[in-house]
Amino acid sequence: MSDIQPPRCDNSDPDRHLWCQYAMHLSFAELVSKAVDAGWGEREVAAALVELADHHMLGLITSGEIDELLGAIKKRP
């Protein structure tokens, strides 16, 4: 799989998410191609990747919420 380049901009760059997509696009295309070559339909692969990304984001959100709750609990007298 292709190497993914590190960020070339700081967190305040409004196009940082686009640079991230650009950095990952070759690896993404390779993953899709491998899945299709294995026999999965291209639409199946696309749907699976969307769901995996969605679940990953939900996990990040949940983790962040738990961290906030734990921080609030620790601040209680």
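Structure: see above.
Residues numbered from 1 in each chain as written. Predicted model: local features only at pLDDT ≥ 70, side-chain atom pairs only at ≥ 80, totals over all residues. Heavy atoms only, no water.

A. Main features of the overall build of the protein. Broken down by element type, the protein carries two helices and zero strands. A compact globule built from 77 residues should have a C-alpha radius of gyration of about 11 Å, whereas the protein, at 18 Å, is more than 25% larger. Overall, the C-alpha framework of the protein stretches about 60 × 30 × 20 Å when taken along its three principal axes. The buried share of the protein, reckoned over its 77 residues, is 8%. For the protein, the accessible area works out to roughly 6900 Å², and carbon and sulfur atoms hold 62% of it. One way to put it: in the protein the 7 positive side-chain charges average out to a point 9 Å from where the 13 negative ones average out. (Helix = DSSP H or I, 4+ residues; strand = E, 2+ residues; numbered from the N terminus. Rg over C-alpha atoms; globule rule 2.2 N^0.38 Å. Buried < 20%, exposed > 50% of the residue type's maximum accessible area, 1.4 Å probe, protein only. Areas by Shrake-Rupley, 256 points an atom, 1.4 Å probe, with all protein chains shown as cover. Lys, Arg positive; Asp, Glu negative; His and termini not counted. Charge placed at Lys NZ, Arg CZ, Asp CG, Glu CD.)

B. Fine view of the state of the cysteines. The final tally for this structure, using the stated rule, is zero disulfides. With no disulfide of its own, Cys 9 lies 9.3 Å from the sulfur of Cys 20, the closest cysteine sulfur. Cys 9 gets classed as buried once you look at its relative accessible area, which sits at 18%. Judged by its relative accessible area of 40%, Cys 20 is partly exposed. (Disulfide = S-S within 2.5 Å.)

C. Representation of a nonpolar patch on the surface within the structure. Taken together, the side chains of Met 57, Leu 58, Leu 60 and Ile 61 define a hydrophobic patch exposed on the protein surface, amounting to about 370 Å² of accessible area. Within the secondary structure, Leu 60 sits in helix H2 (residues 42-75). Looking at Leu 60, the relative accessible area reads 48%, which means it is partly exposed. (Patch = residues over 30% accessible without salt bridge, like charges linked within 9 Å, V, L, I, M, F, W, Y side chains within 5 Å. Salt bridge = Lys/Arg side-chain N within 4 Å of Asp/Glu carboxyl O.)

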